[in-house]
Amino acid sequence: DVKVTQSSRYLVKRTGEKVFLECVQDMDHENMFWYRQDPGLGLRLIYFSYDVKMKEKGDIPEGYSVSREKKERFSLILESASTNQTSMYLCASSLRLAEHYRNTGELFFGEGSRLTVL
Amino acid sequence: AQKITQTQPGMFVQEKEAVTLDCTYDTSDQSYGLFWYKQPSSGEMIFLIYQGSYDEQNATEGRYSLNFQKARKSANLVISASQLGDSAMYFCAMRVVYNNNDMRFGAGTRLTVKP
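The following paragraphs examine the structure supplied in this document. What you see is a predicted model; the values in this text were computed from it and never measured.

As for the overall build of chain B
The number of helices and strands found in chain B is zero helices and twelve strands. The linear arrangement of helices and strands in chain B, starting from the amino end, is β-β-β-β-β-β-β-β-β-β-β-β. Against the 2.2 N^0.38 benchmark of 13 Å for 115 residues, chain B shows a C-alpha radius of gyration of 14 Å, consistent with a compact globule. Dimensions of chain B along its principal axes, counting C-alpha atoms only, are 45 × 30 × 20 Å. Counting over 115 residues, chain B shows a buried share of 53%. Across chain B, contacts joining residues at least 24 apart in sequence account for 55% of those joining residues at least 6 apart. Carbon and sulfur atoms make up 46% of the accessible area of chain B, which amounts to about 5400 Å² in all. In chain B, which carries 11 positive and 11 negative side-chain charges, the distance between the mean positions of the two groups comes to 5 Å.

As for the nonpolar core
All names here are of chain B. In terms of nonpolar packing, the biggest core is built from 26 residues, with Leu 21, Tyr 25, Trp 36, Ile 49, Leu 77, Tyr 90 and Leu 111 touching the most fellow members. When contributions to this core are tallied by element, the ones reaching two or more residues are strand 2 (10-14), strand 3 (19-21), strand 5 (32-39), strand 6 (46-52), strand 8 (64-69), strand 9 (74-79), strand 10 (88-96) and strand 12 (109-114). The biggest single contributor to this core is strand 10, with five residues. Apart from residues no more than four positions distant in its own chain, Ile 49 is found in contact with Leu 34, Phe 35, Trp 36, Ala 59, Thr 60, Glu 61, Tyr 64, Ser 65, Leu 66 and Leu 77.

Brief notes about the interface of chain A and chain B
If you look at the interface, chain A gives 26 residues, while chain B gives 25 residues. For the pair chain A and chain B, the summed buried surface comes to about 2100 Å²; carbon and sulfur atoms form 54% of the total. Our enumeration of links across chain A and chain B arrives at one salt bridge. A salt bridge links Arg 104 of chain B to Asp 59 of chain A, with the shortest nitrogen-to-oxygen separation between them at 2.8 Å. The set of elements that each furnish at least two residues to the side of chain A that touches chain B consists of strand 5 (31-38), strand 6 (42-51) and strand 10 (87-94) of chain A. Among the residues making up the side of chain A that touches chain B, the classes are represented as 13 nonpolar, eight polar and five charged.

Definitions and cut-offs
Residues numbered from 1 in each chain as written. Chains lettered and ligands numbered in written order. Predicted model: local features only at pLDDT ≥ 70, side-chain atom pairs only at ≥ 80, totals over all residues. Heavy atoms only, no water. Helix = DSSP H or I, 4+ residues; strand = E, 2+ residues; numbered from the N terminus. Rg over C-alpha atoms; globule rule 2.2 N^0.38 Å. Buried < 20%, exposed > 50% of the residue type's maximum accessible area, 1.4 Å probe, protein only. Contact = heavy atoms within 4.5 Å. Areas by Shrake-Rupley, 256 points an atom, 1.4 Å probe, with all protein chains shown as cover. Lys, Arg positive; Asp, Glu negative; His and termini not counted. Charge placed at Lys NZ, Arg CZ, Asp CG, Glu CD. Core = buried A, V, L, I, M, F, W, Y, C linked by side-chain atoms within 4.5 Å. Buried area = accessible area lost by both parts, 1.4 Å probe. Salt bridge = Lys/Arg side-chain N within 4 Å of Asp/Glu carboxyl O. Nonpolar A, V, L, I, M, F, W, Y, C, P; charged D, E, K, R; others polar.

Worth remembering: the numbers are spatial, not functional.
Printed below as a string of structure tokens:
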């Protein structure tokens, strides 16, 4: 079974703190994703990585950065946490959705990290 | 970037009846995949069903089927014979093959199955 592990289920941080959210997958997937989930807004893509050291901005990258030094690990960094970053953060990994649909390209999700910024 | 729209924030269905959850999408890409995920109150994201843009037949997985109408850019999820355990959030998502190959989600629909 594919396993995507997020380092912390619950975090409470103070405004201005630097926050690291870690995500590790064990299936040698090329692609990894960070989303935040808020009620009524669904899942919004923060950053996406398609290879080691490669990253692409999603829809809401402001206030976040990412790091992918190894294929299995994708970290989300909040340089200076703010109260509007209080949210559920979901990490996911997948194979690339390829031409001729060699695979379905579905995402495998971690359990989520609920971050509260006070 | 592709856009996914789910216009039903909440839906109710009687147990054992069928229900359709709506999803429309917008993209200029010709090659893409459409996905539905279920998120129960426990929070896990469960992959339900997939449809490729070149698939001519609608996808089915057990009680789930995807009503794919390419010209209308819609990908509705149909759940037959609803069960109490189907009560959850349901998300429609889309992934393009080219460009970034990233995945975008809709806002979700909360389905409640009544006994």
